[in-house]
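Here is how the chains run, residue by residue.
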Amino acid sequence: MPKTSIWIPDAVGAIEHDAVRGVDYVWRPELATRTIDWMQRHLRHVKGPDAGKPLRFSEWQLRFFRALYGWRVAGHEHWRRYRRAYVEIPRGNGKTTMGAAVGVKQLFGRRGVVVVGVATDREQANLVFSDAAGMVRADPGLSGKLDIIDSVRRMRRKDDYGGRYFLLSSEDQLAHGYHPDLIIFDELHAQPNRRLWD
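Residues numbered from 1 in each chain as written. Predicted model: local features only at pLDDT ≥ 70, side-chain atom pairs only at ≥ 80, totals over all residues. Heavy atoms only, no water.

A. Main features of the pairing of strand 4 (residues 76-80). Judged from the two bridges that link them, strand 3 (residues 71-73) and strand 4 form a sheet pairing that is antiparallel. Bridge assignment links Arg72 to a residue of strand 4, and that residue is Arg80. The hairpin formed by strand 3 and strand 4 contains two residues between the paired strands, and Gly75 there has a positive phi angle of roughly 85°. (Pairing = 2+ DSSP bridges. Helix = DSSP H or I, 4+ residues; strand = E, 2+ residues; numbered from the N terminus.)

Have a look at this one:
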C-alpha cells in the first residue's frame, strides 16, 4: 500500500470532543456503501492499463470514502460530518481518479449542485475534469444526462439547469461569487498564494 496522508480527524477523539460540544454523530455505513457502489457501477477508468474497465477503488480509497460518506450528523443524516477532506499521496496512486469520481457523483445527487475544479493553472485543473468527462462519456446512461462542453471545460445536467461542473484557476481574475457544493482543489501545495483558497 502506498504511503498516504489522508486528513480526516481521528474518529474516536473527534467524537469525544464533539460530545462535549453537544454535537452527536452517527455511523451510517450503508450511505457510504451506496455512494461507493454508485461510483463503481457507473464509472470506468479512462487511462492507464485499466482504461475501459469498471472503476475499482483500492483499500485506502475505500477507507477514505467510508469515513467521508459514512459519518453523519445525528438527527440530520443527510448532512455529512466531514465537510472538508484532504488527500496527499505520490503521483500515480489515484488522486485524479478519486477527484473525478467524486465530482461526477456529486452532479447526480440533489438538483442544482455546483462542482468547481480548481488548480494553479487551467491545464492542471483540466486533468481532473478530463477524467470526469471521460467517465461520463463511457457510461451511456450518464452521457445522455449531461452536456459536456470541452471548449470551455464545463459539464451541465440537461434536466437541471443549475447543476454544473466548471473550472477555475489562480489565473482567473474573478474566482469569487460562486456558491459551490463541492470544490476539487488539485495541487493545493502549488498555489502561489492563498488568494484562490480564501
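Next, the rest of the story.
B. Representation of the nonpolar core. Leu43, Phe57, Phe65, Val104, Met155 and Tyr165 are the most contacted members of the largest nonpolar core, which totals 41 residues. The set of elements that each furnish at least two residues to this core consists of helix 2 (29-42), helix 3 (59-70), helix 4 (95-107), strand 6 (114-119), helix 5 (122-137), strand 7 (146-149), strand 9 (164-169) and strand 10 (182-185). Looking at this core, the element that brings in the most residues is helix 5, giving seven residues. Discounting chain neighbours no more than four positions away, the residues touching Phe65 are Ala32, Ile36, Met39, Phe57, Gly70, Met98 and Val102. In this structure, Val114, Val116, Phe166 and Leu168 belong to the second largest nonpolar core, which totals six residues. (Core = buried A, V, L, I, M, F, W, Y, C linked by side-chain atoms within 4.5 Å. Buried < 20%, exposed > 50% of the residue type's maximum accessible area, 1.4 Å probe, protein only. Contact = heavy atoms within 4.5 Å.)

C. Spatial organisation of the pattern of salt bridges. Summed over all chains, the structure comprises 10 salt bridges. Here Arg28 makes a salt bridge to Glu30, at a shortest N to O gap of 2.3 Å. For Arg28, a relative accessible area of 26% translates into the label partly exposed. Where salt bridges share partners, they join Asp147, Arg156 and Lys158 into one cluster. (Salt bridge = Lys/Arg side-chain N within 4 Å of Asp/Glu carboxyl O.)

D. Broad picture of the packing of helix 2 against helix 3. Interaxial distance between helix 2 and helix 3 falls to 8 Å at its minimum, and their mutual angle equals 130°. Classified by the angle their axes make, helix 2 and helix 3 are oblique. When the axes of helix 2 and helix 3 are compared, the crossing they make is right-handed. Residue-level contacts link Leu31, Ala32, Thr35, Ile36, Met39 and Gln40 of helix 2 to Leu62, Phe65, Arg66, Tyr69 and Gly70 of helix 3. Per-class residue counts for the contact of helix 2 with helix 3 are seven nonpolar, three polar and one charged. (Axes fitted to C-alpha atoms, helices over the stretch in contact; angles between N-to-C directions. Parallel < 35°, antiparallel > 145°, perpendicular 65-115°, else oblique. Left-handed = near helix turned anticlockwise from the far one by under 90°. Nonpolar A, V, L, I, M, F, W, Y, C, P; charged D, E, K, R; others polar.)

E. Local environment of the confidence of the model for the protein. On average, the protein scores 80 in pLDDT, and the residues at 70 or more come to 78%. Within the protein, the element-level pLDDT minimum falls on strand 1 (residues 5-7), averaging 45, and the maximum on helix 2, averaging 94. The low-confidence segment residues 1-17 (pLDDT under 50) makes 31 contacts with residues lying over four places distant or belonging to another chain. (pLDDT = per-residue confidence, 0-100.)

F. Quick peek at the environment of Arg153. If you trace the backbone, Arg153 turns up in the loop between strand 7 and strand 8 (154-157). Separated by 31 residues in sequence, Arg153 and Arg122 place their C-alpha atoms 9.5 Å apart. Once residues within four sequence positions are removed from consideration, Arg153 is found in contact with Arg122, Glu123, Asn126, Phe129, Tyr165, Phe166 and Leu167. At 3.1 Å, the side chain of Arg153 and the side chain of Glu123 are in polar contact. (Polar contact = N/O pair within 3.5 Å; in protein donor to acceptor, adjacent residues only side chain to side chain.)

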